[in-house]
Amino acid sequence: NHSGSSSVTFNLKKMAASSKMLTIETLKKKKIICWFMATNDLMTELQKDSIKLDDDSERKVVRMILKLLEDKNGEVQNLAVKCLGPLVSKVKEYQVETIVDTLCTNMLSDKEQLRDISSIGLKTVIGELPPASSGSALAASVCKKITGRLTSAIAKQEDVSVQLEALDIMADMLCRQGGLLVNFHPSILSCLLPQLTSPRLAVRKRTIMALGHLVMSCGNLVFIDLIEHLLTELGRNDNMSTTRTYIQCTAAISRQAGHRIGEYLEKIIPLVVKFCNVDDDELREYCIQAFESFVRRCPKEVYPHVPTVISICLRYLTYDPNYNFDDEDEDDNAMDAEQNDEDYQGSDDEYSDDDDMSWKVRRAAAKCLDAVVSTRHEMLPEFYRSVSPALVCRFKEREENVKADVFHAYLSLLKQTRPAQSWLADPDAMEQGETPLTMLQSQVPMIVKALHKQLKEKSVKTRQCCFNMLTELVNVLPGALTQHIPVLIPGIIFSLNDKSSSSNLKIDALACLHVIMVTHPAHAFHAHVPALVPPVVACVGDPFYKITSEALLVTQQLVIRPLDNQSESSDSFDPSPYINDLFTCTIKRLKAADIDQEVKERAISCMGQIICNLGDRLPNELPGTLLIFLERLKNEITRLTTVKALTLIAGSPLKIDLRPVLPDAVPILASFLRKNQRALKLCTLAALDILSAVTPVMVDAVLAELPPLISESDMHVSQMALSFLSTLAVTHPSSLGQLSGGNILQQLITLVRSPLLQGGALAAMLDFYQALVATETPGLGYMDLLRMLTGPVYSQSAALPHKQAYCSIAKCVAALTRACPTEGPAVDVKNSRSTDSIRLLALLSLGEVGHHVDLSSQPELKTVILDAFSSSSEEVKSAASYALGSIAVGNLPEYLPFVLQEISSSKRQYLLLHSLKEIISSASVSGLKPYVELVWSLLLKHCECQEEGTRNVVAECLGKLTLIDPETLLPRLKGYLESGSSYARSSVVTAVKFTISDQPQPIDPLLKNCIGDFLKTLEDPDLNVRRVALVTFNSAAHNKPSLIRELLDSVLPQLYNETKVRKELIREVEMGPFKHTVDDGLDLRKAAFECMYTLLDSCLDRIDIFTFLNHVEDGLKDHYDIKMLTFLMLARLSSLCPSAVLQRLDRLVEPLRATCTTKVKANSVKQEFEKQDELKRSAMRAVVALLTIPEAEKSPLMSEFQSQISSNQELAAIFDSIQRDSSSANMESMDTS
């Protein structure tokens, strides 16, 4: 009858559309194979979107599936459960309720198999329901139904296994759909609490899980009830067993909802501290775990208790009552520990551990210290005093799991110390005696001593931990191990040679060795090369590609050494004995074609390094190896790495002869300039630049490819192309003859006119022009080039589109003039027929030339420039003021007094002050010294000027003058803070802004002492002075945070004070029939919020984040500009301190929601609509950022807001597009990193 069944199945497949009824009929036949096949078919059908069932067939399908769940055969049951998932989303609501009812009833059955399968069924149904945020009615009604049945099952306490299943499903449902059950939370709580005292530990454990999920979504009253209950029970402390459970429960709540438990810590922590002193290891472990969760989840509230927590952890980190470390000498001790380890392996099972539980206490203590170290950056010096030595002492821990946690805690300490922020590596910070880095430096010998023993341990895990430690240590303190290398190398070699060790251990050992070699001086390793070469060479030959690849990096480091230090190192190291081994193992990997991509690339780099450093010792092997490079150059996958290797070889001081391969290689390189791969273009240009042995024919091939590369679309590529051309002008001047009519010059002229030309590319352009003129190629002389550059300005009546273009052309003219001092500059400033644009170019060129060449021999220069001051064009005026300043730099004694006299007598102070600014910014300090007093007194006359523009120029001049002689001038500036004029005060404070830069300067220590006085102007009665003070503060916080870090305690309250809206600054202005409100305090608030944003990046560890958040919250309800700023801050805060934001989430969501739901009045202007859209997008970005905090969506307000977003078409669209952008941005940042 077997064939009959298969024909049934065959029919099913054939008549899929009408197959529903047939499938159901077939299910009734009592043949297992049939059932199995038919159920499987049903499953496939249900998963199709197209399927529609009428009521009758729905009823039959549901009844049938439920019946199959009770089948004797396990396979059939399993398939039936799988059908439930797709079924729930296909059938009508009342059918789902039937399913749920039946499953709940079966779950209470006394047959174990049925019970198990039903609870899996319920979980499947819960998993298939739409998420709470979608606001579906189905989910709500199903969950209510299940909840009613579960609470009664849990409360009955008849059959433990039913209880366990019910608790499990309850936890699952609260986790996924907790928000829908708000009305049931009180009854769920009252059914769960008694289970905490259940005689069965497993029931308690699952109850704790369920409570953990409950507190994420429950209302405040339920939460208070739960905490009060726990506090009362812990206070009563009836028996040890339940007390343990209550402590565990408290820790679980803190882990899941740390942002809510914070306010109760004052009551909870003393109880936990008390129970730590009770002699019960399990209870101690739970107490310390509770501390760990408080430290991680309630950073603000736990702050006062951190010292207590640290001292408890340090006490229990060494708590090992059954073992004495000190009564025998070290070697026996090591043996003993190993034997102990072996006895230990058997007793890992938690509950049968009747002998020694103390290791769990030590492990909890290590993890808790890890949490403290990772979250309290500001206590680093304290950690190095107390925690660091204690952890190092415990590296000898005998229980491997504990040892791994001790290492991990120390790694966290090192990661916190890593000077990632610029202010930590700041020169000022270094002067303050004991910084964390200096303290760590002094502990290095102790750390090395402890690790030295561990590196020879049998355990692989321990040795891996040691390598991670060493790697991190060297990243934090490069060069710290120089004295200790002889001690460490044998330990590393031990792991490389160890036959039994896993491949991961070898990879870690090689990676560690590589980092140490990169960060330490070469001579430290010379003595160890004989010992290192054999194991490293063996690893290069290892069959596992990851080991080979790491070993090649180490080989490359081994090779780099000899060349660098031959001259200065006293021990002249002779590499010849090892060359052969290193070359042979590398060439083998270089030749292999069927090998991992990473190994191919590293073999190429490594061989490049070998030839670069040892090529002179390999005369016979060279030609063959270069031919392999040529092959690799032709392969798309390896070409980039090969170009880099060739660049390295070409630049070698050994003058390696590359002529044999150049005729083939250069045309390939030239073709790379066409490829659409930017990195390849850049590396190829660098390689061509350094290859000196090219012939004119090869040069022509390359020149043909250059024109498209010189364009504004990629300035860096243009810069490399220009520097290659400059090199050519020196090495192959004859080849440049063909430029005169060619495309390259056209491209250059176009690039000069680009507004984007600046920095490196502009410098390369000037170098090229100077090199080109120097070749004296016919048709490319001084006048020819000058005509090309300036021709367009003279011939066209229309002006060039960008002012920047005139500046660039002027710089090129000046560069040409400097290269040919005999040719006089041709200048048309006086010519009355000249257009404004010719005048503009002429003045700028004069300025650029005058900067480097003394033009005082031109008698009418001064009058020409002063005439230009009265031009009708603003641009010509400012060009004239720049020219005057620049020419003065070329000859200060001649021109500076003239400028000063003009400022005193003339009406055009603003322009003349700009000239003065140019002089102060560009002239040499020694040249300016004699004039400082003169200039200073002149500037002071103008610092009370009514016009803000003039005051700003004066302030910049004052600031830059102060840098010339800070000892005398800074105190003077400080004196003017007492001035009665608010204009003078604001000029002085602005001047300070111009003394701060992001580079170290001699003025820094002086500034640090008195910047506090300047910032006192934050209390100035004048609005403008306060605003300027905020701008200066922002500049300091951004460029040199070390100046203001110590002042934050006094400055922050004033800063926060400026973020408030002031009623008295808002006034009504009448504009014809309309009244218009003006807020004079807006700029001030904006400046204050900008400072707050800057502080997030530079001084986060000095800010009380909760006070900070209060003001962010106010900003969310402020004016448009300020909302935009605070939305940015929220996004930044979500990633910097998620736990603090989570505690405030409910208060932050409200204003965001208000922004997103505001409607603009229908008759508003277009700008209003655009502003509102921009606000919505910005607010949504903040929402998306908040949702990256894992527990955010569990907040009732947040999930309500989410369902509001998904139900509103416009908001949902914005939300989706932002989410897509942010996920693609993350992917990109991963690509680039």
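Residues numbered from 1 in each chain as written. Predicted model: local features only at pLDDT ≥ 70, side-chain atom pairs only at ≥ 80, totals over all residues. Heavy atoms only, no water.

Visitor: So what's going on with the overall build of the chain? Which residues, and what values?
Guide: Looking only at helices and strands, one finds 62 helices and 2 strands in the chain. For the chain, contacts bridging at least 24 residues in sequence account for 73% of all contacts bridging at least 6. Of the roughly 54200 Å² of accessible surface on the chain, 52% is carried by carbon and sulfur atoms. (Helix = DSSP H or I, 4+ residues; strand = E, 2+ residues; numbered from the N terminus. Contact = heavy atoms within 4.5 Å. Areas by Shrake-Rupley, 256 points an atom, 1.4 Å probe, with all protein chains shown as cover.)

Visitor: Run through the side chain of His 1111, naming residues and quoting values.
Guide: Tracing the sequence through the fold places His 1111 in helix 56 (residues 1105-1115). Residues contacting His 1111, with those up to four places away along its chain left out, are Tyr 1056, Thr 1059, Lys 1060, Phe 1089 and Met 1092.

Visitor: Let's hear about helix 43 (residues 861-868): which residues, and what values?
Guide: Buried residues of helix 43: Leu 861, Val 864, Ile 865, Leu 866 and Ala 868, and no others. The inward-facing, buried residues of helix 43 abut helix 42 (836-852), helix 44 (874-890) and helix 45 (892-905). (Buried < 20%, exposed > 50% of the residue type's maximum accessible area, 1.4 Å probe, protein only.)

Visitor: Give me the lowdown on helix 9 (residues 160-177), citing residues and values where you can.
Guide: Counted at 1.5 Å a residue, the expected span for helix 9 with its 18 residues is 26 Å, and the 25 Å between its end C-alpha atoms agrees. In terms of burial, helix 9 is largely enclosed, as 13 of its 18 residues are buried. (Expected span 1.5 Å × (residues − 1).)

Visitor: Could you give me a rundown of the confidence of the model for the chain, with the residues and numbers involved?
Guide: Here the chain averages 80 in pLDDT, while 88% of its residues score no lower than 70. Across the chain, the secondary-structure element scoring lowest on mean pLDDT is helix 18 (residues 330-344), at 41, and the one scoring highest is helix 17 (residues 306-317), at 93. Note that residues 327-354 has pLDDT below 50 and, in this model, 22 contacts with residues that lie over four places away or in other chains. This model gives residues 828-832 a pLDDT under 50, and the stretch forms 13 contacts once residues within four places in sequence are excluded. (pLDDT = per-residue confidence, 0-100.)

Visitor: Which residues make up the nonpolar core, and what are the values?
Guide: Ranked by size, the top nonpolar core spans 399 residues in total, and within it Phe 395, Tyr 410, Leu 706, Tyr 769, Ile 1044, Leu 1095 and Phe 1108 carry the most contacts. Both domain 1 (534-560 + 576-658) and domain 2 (959-1103) contribute no fewer than three residues apiece to this core. (Core = buried A, V, L, I, M, F, W, Y, C linked by side-chain atoms within 4.5 Å. Domains from an automatic or database assignment.)

Visitor: Which residues make up the environment of Glu 1200, and what are the values?
Guide: Here Glu 1200 lies in helix 61 (residues 1196-1207). The partly exposed category is assigned to Glu 1200, whose relative accessible area is 43%. In sequence terms Glu 1200 and Gly 179 are 1021 residues apart; their C-alpha atoms lie 8.8 Å from each other.

Visitor: Describe the packing of helix 43 against helix 44, and please don't skip the residues or the numbers.
Guide: In the contact formed by helix 43 and helix 44, the axes pass within 8 Å of each other and the chain directions differ by 150 degrees. Here helix 43 is positioned roughly antiparallel relative to helix 44, judged by the angle of their axes. Read as a crossing pair, helix 43 and helix 44 show a hand that is left-handed. For the pair formed by helix 43 and helix 44, the contact residues are Leu 861, Ile 865 and Ala 868 on the first element and Val 876, Lys 877, Ala 880, Ala 883, Leu 884 and Ile 887 on the second. Class assignment for the residues of the contact of helix 43 with helix 44 results in 8 nonpolar, no polar and 1 charged. (Axes fitted to C-alpha atoms, helices over the stretch in contact; angles between N-to-C directions. Parallel < 35°, antiparallel > 145°, perpendicular 65-115°, else oblique. Left-handed = near helix turned anticlockwise from the far one by under 90°. Nonpolar A, V, L, I, M, F, W, Y, C, P; charged D, E, K, R; others polar.)

Visitor: Can you tell me about the packing of helix 31 (residues 597-614) against helix 32 (residues 622-633), naming the residues and giving the values?
Guide: Here helix 31 crosses helix 32 at 145 degrees, and the two axes come no closer than 12 Å. Of the two elements, helix 31 crosses helix 32, and the hand of that crossing is left-handed. For the pair helix 31 and helix 32, contact is made by Ile 604, Met 607, Gly 608 and Ile 611 and by Leu 622, Thr 625, Phe 629 and Arg 632, respectively. In terms of residue class, the contact of helix 31 with helix 32 is built from 5 nonpolar, 2 polar and 1 charged.

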